[in-house]
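Residue-level listing of the chains:
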There are 2 protein chains.
Amino acid sequence: MIKNVRPWAEAQTDITISGDRISAIGAAAGGAGAEVIDGAGAILLPGLIEAHTHLDKTLFGMKWNVNDVGYTLIDKITNEREMKTKLGLDPARQSARQVAISVARGTTHIRSHVDIDTVHGLKGVEGVMATREKYKEFIDIEIVAFPQSGMMIRPGTAKLMDEALAMGAEVVGGLDPSSMDKDPKGQLDAIFALAVKHGKPLDIHLHEPGELGLFTMGMIVERTKAHGLTGKVTISHAFCLGHNDYLVVGRMLEDLARNDIAVMTTGPSGWPCPPLIRTLDAGITVCSGSDGIRDCWHPWGTGDMLERVMYLGERNYLSRDRDIRRIFDVVTTLGAKVMDIKDYGLKPGNIADLMLVDGEALAEAVASCRPRRLVMKRGRVVSRDGAAPFEVA
Amino acid sequence: MIKNVRPWAEAQTDITISGDRISAIGAAAGGAGAEVIDGAGAILLPGLIEAHTHLDKTLFGMKWNVNDVGYTLIDKITNEREMKTKLGLDPARQSARQVAISVARGTTHIRSHVDIDTVHGLKGVEGVMATREKYKEFIDIEIVAFPQSGMMIRPGTAKLMDEALAMGAEVVGGLDPSSMDKDPKGQLDAIFALAVKHGKPLDIHLHEPGELGLFTMGMIVERTKAHGLTGKVTISHAFCLGHNDYLVVGRMLEDLARNDIAVMTTGPSGWPCPPLIRTLDAGITVCSGSDGIRDCWHPWGTGDMLERVMYLGERNYLSRDRDIRRIFDVVTTLGAKVMDIKDYGLKPGNIADLMLVDGEALAEAVASCRPRRLVMKRGRVVSRDGAAPFEVA
């Protein structure tokens, strides 16, 4: 039983946990003899949902890597593929390091895209699977089979993805079918075929901007409809929804909503990106994530999904408490919907995945971003006061 | 003497301070009997320059203010003017609170715009002046007489600004002469006249976007030239330099460089803004700042100029270590040039305003943003390990 907590920063109450589930929310709801933790008036939230990151390739905890990469996407992708070998990047160890940070910050579920290419094969997937197994009491990890180096331009990649999905990767990935592969029909047909074959959802990286991105996005919508994959497709980044054409973007938002295609946005600084309020108002499920953290692309990122609320707020010019409350849905309930997490949320009967953070108001908790007072995974305390949940050698 | 420090994250050495100045940099340069501090291999930087903030109106440390303001600039300005009274905002106390945070994070100089309007008169200026005097051993504060509510649309404001400058405000401010006052000639003639009368520099807020901002900026350039104020004018925000017209922006950058007009950018998320590398390459002095911190406009901000390097990097797609090194110039040397700080920087003979932060590399220090190991103002240690330098009741 955790006494004196404020769910969603609202009225103070108590929450009782039995086994791995919430059994009651309400003052004095706990049975006699329950272990009692004092929440000290902290804000109670369901576990945060990190719906887009790259666990396999963070450099966190390794010797500082001086970044001197070119500015284009292909420069970064090529460099990264080579650096993995040069630096001796171990996906199991590195993913464990990032997971430790995420757990301490209140994340209870991660969707991680994991690189698959013809140089490194399935090493990334195997490494993240090892981490997933080893730390399954701390966090749930979902793996996206992700063709970071392209599919059609690197024959053999589709077969590797097929193997990864057979091994247990939960989601079929994709990457810029037009700009990367120069063959949107080829890549999209291939990944939708994999999704149908394995009965798994899709999460496609789409950095393509403006009209190009809208063109490719239209092809994704068509295939979602044709294969009856309503509610099973996510488009990550979706920069093209930031295109400055009110009507064209509006029609695309309608198409996405009609096919229940979700959108993932990090609230990127500078790049065009989905207008958050408009996208939510269109009835689209929006989730968010940290994307890469301290990797060969850039040195930034902390993996903190509470801090992510601030990025989404700043990028979308949202300062009002009631707008910020809507962003909290993105990093909790809506992210859980995208990941199809069962029994999620602060209700009796649901799984006790939750966190406590001190704060006067939700927006204040974001602005101050204090260490989490307590993080609980399936009814077990996994971190207190921001402490690492486990050590990684 | 501080032993074992790495100036700019380069080779390890020692630094010797005598009185308020650096007397030597180099191993074993200290005289016998000097007090020795072990820098433990930390990065040594000159004091960080916060060249644009609003000390008078942070709500930091006050009861959380639920923000429910409209989205336009005028909504925010009107709301703030009213909330100052409703909340009983005390500019002396609030500016002291923000200064305490800044000092702990290694800032040694602040340029603060301070609101002047016909409702609150010079209360803000008086409050920040009280803070400046009270904490002068901790930090140098420069005050910009800032007509936040407009000048031409609020008669009496120019006279108040004149008084503020006579009282000791160092810089003449301005605000969106076209969009706010609807009288660019009127406002610019008035503020340039104040600058000439008082022999003081100008720092003008220019949020006006695109062609409108470029039009107003052109009028600022003309007056800078006409009054011989080369090197004495800063344009803050300068969003219009983010306008998507390569040649027009290029010509404006040339005009700014020719008249040594500086540009302040926070690296805003979303808004168009000056392209950092292009602006620097044009020979323009670029400085940065936190802008408002947790105020009636928005809940964000920490006042940390090391973190600001990350914002500037993300906004400008800069990830390479050598590009990030250039951003460090913006928050140190170039900011010092804008504020005309004498004897600034890590050289023997200069004032010992400096900070130590742990880190493998400059970019790593930004990404990790640890508490500052030590902050020194004029040869005196004012903070260690991120501790507040003083308490504010």
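Remember, it's a predicted structure, so these values are computed and weren't measured experimentally.

Definitions and cut-offs
- Residues numbered from 1 in each chain as written.
- Chains lettered and ligands numbered in written order.
- Predicted model: local features only at pLDDT ≥ 70, side-chain atom pairs only at ≥ 80, totals over all residues.
- Heavy atoms only, no water.
- Helix = DSSP H or I, 4+ residues; strand = E, 2+ residues; numbered from the N terminus.
- Contact = heavy atoms within 4.5 Å.
- Buried < 20%, exposed > 50% of the residue type's maximum accessible area, 1.4 Å probe, protein only.
- Pairing = 2+ DSSP bridges.
- Right-handed = clockwise from strand over helix to strand, strands pointing away.
- Salt bridge = Lys/Arg side-chain N within 4 Å of Asp/Glu carboxyl O.
- Axes fitted to C-alpha atoms, helices over the stretch in contact; angles between N-to-C directions.
- Domains from an automatic or database assignment.
- Buried area = accessible area lost by both parts, 1.4 Å probe.
- Polar contact = N/O pair within 3.5 Å; in protein donor to acceptor, adjacent residues only side chain to side chain.
- Nonpolar A, V, L, I, M, F, W, Y, C, P; charged D, E, K, R; others polar.
- Left-handed = near helix turned anticlockwise from the far one by under 90°.

Trainee: Please clarify how the environment of Met152(A) should be interpreted in this entry.
Mentor: Residues and elements named next belong to chain A. Mapped onto the secondary structure, Met-152 falls in the loop between strand 7 (140-146) and helix 4 (157-167). The spatial distance from the C-alpha of Met-152 to the C-alpha of Gly-359 is 49 Å, given a sequence separation of 207 residues. Once residues within four sequence positions are removed from consideration, Met-152 is found in contact with Asp-181, Asp-183, Gly-186 and Gln-187.

Trainee: What exactly am I supposed to notice about the pairing of strand 9 (residues 202-205) of chain B here?
Mentor: It is a general feature of regular strands that their side chains alternate between the two faces of the sheet. All names here are of chain B. The two faces of strand 9 match: Leu-202 and Ile-204 on one face and Asp-203 and His-205 on the other face are all buried. Pairing analysis gives 4 bridges linking strand 8 (residues 171-175) to strand 9, with the strands arranged parallel. Within strand 9, the residue paired with Leu-175 across the bridge is His-205. The parallel pair strand 8 and strand 9 is bridged by helix 5 (residues 184-198), and the resulting crossover is right-handed. Here 4 bridges tie strand 9 to strand 10 (residues 233-236), and the two strands are oriented parallel to one another.

Trainee: I would appreciate a short explanation of the pattern of salt bridges in the present structure.
Mentor: Should their charged atoms come close, side chains of opposite charge can pair. Residues and elements named next belong to chain A. Using the criterion set out here, one finds 64 salt bridges over all chains in the structure. The partner of Lys-3 in a salt bridge is Asp-14, and the shortest N-O contact between them spans 3.4 Å. You can see Lys-3 sitting in strand 1 (residues 2-7) and its partner Asp-14 sitting in strand 2 (residues 13-18), a full 11 residues away along the chain. Since its relative accessible area comes to 5%, Asp-14 is described here as buried. Taken together, the salt bridges that share partners define one network made up of Lys-57, Glu-80, Lys-84 and Asp-115.

Trainee: What's the story with the sheet that holds strand 13 (residues 354-357) of chain A in this structure? I'm lost.
Mentor: Backbone-to-backbone hydrogen bonds pair the strands of a sheet. The strands run either parallel or antiparallel. All names here are of chain A. Read across the open sheet, the 7 strands follow the order 3-2-1-4-13-14-15; overall the sheet is mixed. A single partner strand is all that each edge strand has here, and the edge strands are strand 3 (21-25) and strand 15 (380-384). Strand-to-strand twist of the sheet, defined as the mean angle between neighbouring strand axes without regard to direction, takes the value 40 degrees. Direction of pairing for strand 1 relative to strand 4 (residues 37-46): parallel, over a ladder of 5 bridges. Bridge assignment links Val-5 to a residue of strand 4, and that residue is Ala-42.

Trainee: Before we go on, may I ask you to explain the domain arrangement of chain A in this structure?
Mentor: All names here are of chain A. One can read the domain layout of chain A as domain 1 (2-46 + 346-384) and domain 2 (48-338). Taking only C-alpha atoms, the centre of domain 1 and the centre of domain 2 are 30 Å apart. In this assembly, 21 residues from domain 1 lie in contact with 23 residues from domain 2. Together domain 1 and domain 2 conceal approximately 1800 Å² of surface at their shared face, both sides included; 64% is due to carbon and sulfur atoms. Connecting domain 1 to domain 2 are 4 salt bridges. Across the pair Lys-377 and Asp-140 runs a salt bridge whose closest N-O atoms are separated by 2.6 Å. At the surface where domain 1 touches domain 2, the tally comes to 8 residue pairs in polar contact (both at pLDDT 80 or more). Secondary structure elements with two or more residues in the side of domain 1 that touches domain 2: strand 4, strand 13, helix 12 (362-368), strand 14 (374-377) and strand 15. Per-element tally for the side of domain 1 that touches domain 2: the top contributor is helix 12, with 4 residues. In terms of residue class, the side of domain 1 that touches domain 2 is made up of 15 nonpolar, 1 polar and 5 charged.

Trainee: Looking at this structure, how should I read the pairing of strand 5 (residues 48-53) of chain A?
Mentor: Residue and element names in this part refer to chain A. Here strand 5 lies mainly inside the structure; 6 of its 6 residues are buried. As defined by bridge partners, strand 5 adjoins strand 6 (residues 107-115) across 4 bridges and the pair is classed as parallel. For Leu-48, the partnering residue across the bridge sits in strand 6 and is Thr-107.

Trainee: Would you mind going over the packing of helix 5 of chain B against helix 6 (residues 210-226) of chain B with me for this structure?
Mentor: When two helices pack together, you describe them by how their axes are tilted relative to each other and by the distance separating the axes. Residue and element names in this part refer to chain B. At a closest axis distance of 11 Å, the pairing of helix 5 and helix 6 adopts a crossing angle of 35 degrees. Pair helix 5 / helix 6 crosses with right-handed handedness. Touching Pro-184, Lys-185, Leu-188, Asp-189 and Phe-192 of helix 5 are Phe-215, Thr-216, Met-219, Ile-220, Arg-223 and Thr-224, all from helix 6. Taken together, the residues that form the contact of helix 5 with helix 6 break down as 6 nonpolar, 2 polar and 3 charged.

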